[in-house]
Amino acid sequence: MKKYLVAALACTTLFAAAGASAQAVDAKLKDAIGASSRTPANVQRDAARHPYETLAFFGIRPNMTVVELSPGAGWYTEILAPYLRDNGKLIAAGNDLASPNERERKGAERFMERLNANPAVYNKVALGVFSPPRKYEFAPNNSVDMVLTFRNIHNWIPTGPDNLKALFTSVYDSLKPGGVFGVVEHRLPASKTQDATASSGYMHEKYVIGLAEAAGFKLAAKSEINANPKDTADHKNGVWALPPTFTNKDEDRARYQAIGESDRMTLKFVKP
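Residues numbered from 1 in each chain as written. Predicted model: local features only at pLDDT ≥ 70, side-chain atom pairs only at ≥ 80, totals over all residues. Heavy atoms only, no water.

Q: Quick question: what am I supposed to make of helix 9 (residues 161–174) here?
A: Since there are 3.6 residues in each turn of an α-helix, residues three or four apart along the chain are aligned in direction. Over its 14 residues, helix 9 runs 20 Å from end to end, which matches the ideal 20 Å to within 8%, given 1.5 Å per residue. Buried residues of helix 9: Leu164, Leu167, Phe168, Ser170, Val171, Tyr172 and Ser174, and no others. (Helix = DSSP H or I, 4+ residues; strand = E, 2+ residues; numbered from the N terminus. Expected span 1.5 Å × (residues − 1). Buried < 20%, exposed > 50% of the residue type's maximum accessible area, 1.4 Å probe, protein only.)

Q: Sorry, what's going on with helix 4 (residues 51–58) here?
A: The buried fraction of helix 4 amounts to six of the eight residues, a majority that puts the element mostly inside the structure. Looking one or two residues past helix 4, Gly59 carries a phi angle of roughly 85 degrees, positive in sign.

Q: How should I be thinking about the pattern of salt bridges in this particular structure?
A: When the charged atoms of two side chains lie near each other, side chains of opposite charge can form a pair. Using the criterion set out here, one finds 16 salt bridges in the structure. A salt bridge links Asp86 to Lys28; the nearest nitrogen and oxygen atoms lie 3.6 Å apart. Taken together, the positions of Asp86 in the loop between helix 5 (77–84) and strand 2 (89–94) and Lys28 in helix 1 (residues 2–33) put the pair 58 residues apart, joining distant regions of the chain. Using a relative accessible area of 52% as the deciding quantity, one classes Asp86 as exposed. Using a relative accessible area of 22% as the deciding quantity, one classes Lys28 as partly exposed. Residues Asp252 and Arg255 are paired through a salt bridge, measuring 3.5 Å at the closest nitrogen-oxygen approach. (Salt bridge = Lys/Arg side-chain N within 4 Å of Asp/Glu carboxyl O.)

Q: Would you take a moment to explain the side chain of Arg38 for this structure?
A: Positionally, Arg38 belongs in the loop between helix 1 and helix 2 (40–43). In terms of polar contacts, Arg38 uses its side chain to reach the backbone carbonyl oxygen of Ile33, at 2.9 Å. Residues within four places of Arg38 in sequence aside, it is in contact with Ala32, Ile33, Val43, Asp46, Trp75, Glu78 and Ile79. (Polar contact = N/O pair within 3.5 Å; in protein donor to acceptor, adjacent residues only side chain to side chain. Contact = heavy atoms within 4.5 Å.)

Q: Where do I start with the environment of Leu267 in this structure?
A: Counting through the fold element by element, Leu267 comes out in strand 9 (residues 264–270). Excluding residues that lie within four positions of it along the chain, Leu267 makes contacts with Phe57, Phe58, Phe181, Gly182, Val183, Glu205, Val208, Ile209, Leu219, Ala221 and Lys222.

Q: Could you clarify how one ought to interpret the confidence of the model for the protein chain in this entry?
A: Caution applies to low-pLDDT parts of the model: their predicted coordinates are not meant to be read in detail. Summarising the model, the protein chain shows a mean pLDDT of 92, and 91% of its residues fall at 70 or more. Confidence over residues 1–24 falls short of pLDDT 50; this stretch has zero contacts with residues more than four positions distant or in other chains. (pLDDT = per-residue confidence, 0-100.)

Q: Hey, could you run me through unusual backbone geometry in this one?
A: Note: most residues except glycine have negative phi, and most peptide bonds are trans. The step from Pro132 to Pro133 runs through a cis peptide bond, and the omega angle for that step is -5 degrees. Take Pro133: it is sitting in the loop between strand 3 (126–131) and strand 4 (135–137). Of note, the amide linkage connecting Pro243 to Pro244 takes the cis form, showing an omega dihedral of 10 degrees. Note that Pro244 resides in the loop between strand 8 (218–223) and helix 11 (253–259). Although it is not a glycine, Asn142 adopts a positive phi angle of roughly 60 degrees. With respect to the element layout, Asn142 can be found in the loop between strand 4 and strand 5 (144–150).

Q: Can you walk me through the pairing of strand 2 in this structure?
A: It is a general feature of regular strands that their side chains alternate between the two faces of the sheet. The element strand 2 is largely enclosed, with a buried count of five among its six residues. Across five bridges, the pairing between strand 1 (residues 65–69) and strand 2 is parallel. By the bridge assignment, Thr65 is partnered in strand 2 with Lys89. Regarding the hand of the β-α-β motif, the stretch spanning strand 1, helix 5 and strand 2 is right-handed. Across four bridges, strand 2 lies against strand 3 in parallel orientation. (Pairing = 2+ DSSP bridges. Right-handed = clockwise from strand over helix to strand, strands pointing away.)

Spelled out as structure tokens, the structure:
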């Protein structure tokens, strides 16, 4: 009887510790999202981008090695860098400082300046190159726990089917078995026709899933965290008509403001 009591107490302690650990993980993510180091304009977009719910859905943990593909100006980098800083690792895989393309080099330089301006937050961020279709040098094979990309796949479509296959394969190869590929992308209704270059910025969810599955990924789950049923995805100048871009300037601005940011798919893939 004493033996069973000891075992029961041990199990209770184990579950209590696991619960406390989960709470600590959530608190750390909330702290990163609420950090004073974030850009105020970026914080205003939290209501549309749902960073806490999105990253929690993907299953992020602060001890992971995470790759952020094409971080752009660093909207999610602001959250991921402090969250992973102490116990994990963030690899920002984007523009190539040595690119033959001047525009890409300038983009890489701006991102570097952003990181260097706040070393207390960003000095542990590792840099990799993700420059479709020319160069993928961001992590050794089977070395990372999670790869994330936010509203980028439409930019890769014009590279063509063969280059897309190589791109998705580079992501697949970088992940450890069981690793997660998290995708957020502007969603085109299945009833609408998608052009070959995704020039509107919107993509069919089924097509994005097919790209990942062709590389070997399995779809683990999808979420409506970032859905917006007000978005009809048929705007003049595509998704960029909506906030925050407002590419049509004052034309129908109030209508676009009322719609809000785009309807988005949120997909979680796993490497078997």
